[in-house]
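Okay, here's what each chain looks like letter by letter:
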Amino acid sequence: MSDEKTERPVKTANQRGAARLAAVQALYQMDVGGTGVLEIVAEYEAHRLGQEIDGATYLKADAGWFRSIVSGVVRDQVRLDPLIAAALQDDWALSRLDSTVRAILRAGVFELLDRKDVPVAVIVTEYVEIAQAFFDDDEPKLVNAVLDRIAKQVRGEAKK
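So, how was this worked out
- Residues numbered from 1 in each chain as written.
- Predicted model: local features only at pLDDT ≥ 70, side-chain atom pairs only at ≥ 80, totals over all residues.
- Heavy atoms only, no water.
- Helix = DSSP H or I, 4+ residues; strand = E, 2+ residues; numbered from the N terminus.
- Buried < 20%, exposed > 50% of the residue type's maximum accessible area, 1.4 Å probe, protein only.
- Contact = heavy atoms within 4.5 Å.
- 1 Å grid on protein atoms, 1.4 Å probe; cavity = no way out; pocket = protein on both sides within 12 Å on 5 of 7 lines; lining within 4 Å.
- Points joined across faces, edges and corners; volume = space filled by probe spheres on them.
- Salt bridge = Lys/Arg side-chain N within 4 Å of Asp/Glu carboxyl O.
- Axes fitted to C-alpha atoms, helices over the stretch in contact; angles between N-to-C directions.
- Parallel < 35°, antiparallel > 145°, perpendicular 65-115°, else oblique.
- Left-handed = near helix turned anticlockwise from the far one by under 90°.
- Nonpolar A, V, L, I, M, F, W, Y, C, P; charged D, E, K, R; others polar.

## As for the overall build of the protein
Okay, step 1: Helix and strand counts for the protein stand at six helices and two strands.
Okay, step 2: Beginning at the N terminus, the succession of helices and strands in the protein can be written as α-α-β-β-α-α-α-α.
Okay, step 3: Here the protein holds 160 residues, and the buried ones make up 41% of them.
Okay, step 4: At a minimum sequence separation of 6, the contacts of the protein that also span at least 24 residues come to 69%.

## Some words on the environment of Val101
Okay, step 1: Inspection of the secondary structure puts Val101 in helix α4 (residues 99–114).
Okay, step 2: Residue class for Val101 comes out buried when judged on its relative accessible area of 1%.
Okay, step 3: Residues Val101 and Phe135 lie 34 residues apart in sequence; the distance between their C-alpha atoms is 9.3 Å.
Okay, step 4: Look past the residues within four positions of Val101 in its chain and what remains in contact with it is Phe135, Glu139, Leu142 and Val143.

## Re the layout of surface pockets
Okay, step 1: Of the volumes computed, that of the second largest pocket is approximately 210 Å³.
Okay, step 2: Forming the walls of the second largest pocket are Leu88, Gln89, Trp92, Leu97, Asp98, Val101, Asp138, Glu139, Leu142, Ala145 and Arg149.
Okay, step 3: Broken down by element, the lining of the second largest pocket gets its largest block of residues, four residues, from helix α6 (residues 139–155).

## Observations concerning the pattern of salt bridges
Okay, step 1: This model, assessed by the stated rule, comprises nine salt bridges.
Okay, step 2: Its salt-bridge partner being Arg75, residue Asp76 comes within 3.0 Å of it at the nearest N-O pair.
Okay, step 3: One network of salt bridges, in which partners are shared, links Arg20, Glu111 and Glu126.

## Digging into the side chain of Glu111
Okay, step 1: For Glu111, the location among the structural elements is in helix α4.
Okay, step 2: Exposure remark for Glu111: the relative accessible area of 0% places this residue in the buried category.
Okay, step 3: Every residue in contact with Glu111, bar those within four places of it in the chain, is listed here: Arg20, Trp65, Ile69, Ile123, Tyr127 and Arg155.

## Here we look at the packing of helix α3 (residues 63–87) against α6
Okay, step 1: Between α3 and α6, the least distance of the axes is 9 Å, while the angle of their chain directions is 115 degrees. Here α6 runs roughly perpendicular to α3, going by the angle between their axes. Both α3 and α6 take part in a crossing whose hand is right-handed. Where α3 approaches α6, its residues Leu83, Ile84 and Ala87 are matched on the opposing element by Val146, Arg149, Ile150, Gln153 and Val154.
Okay, step 2: Of the residues contributing to the contact of α3 with α6, the split by class is six nonpolar, one polar and one charged.

Put into structure tokens, the structure is as follows:
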């Protein structure tokens, strides 16, 4: 007998993508609600990653990748924010950006700096797609431009 609901394993890349999305959501929640990193990581790992909430099932995520991004952004924020601010247009301050955009940029820049094993194109594309999930207007273009500028600066390469 075969079970029609046999689950196929989620690919590692998809688990990383889900971890990136969850990390952005957690960083946003921390920014807006003032929640601490240990509390937010515990909440996401226990109640969100791969879980069903209000009828929506969260994708199975790479919990280690999720923790790495969230804790790395918190740890390195004093290094990340000046890079992001310098990559913005002259008339834009980091504080003027939407909290979600700030979370996306911080996570993306963290990966560009800390995860040299991940190609620039993968990082930029993943975070632009996350921006597209939240915004229809210019925000995905902003995310693309800022991450591309920073990639050139810190890795000497742009998205291909």
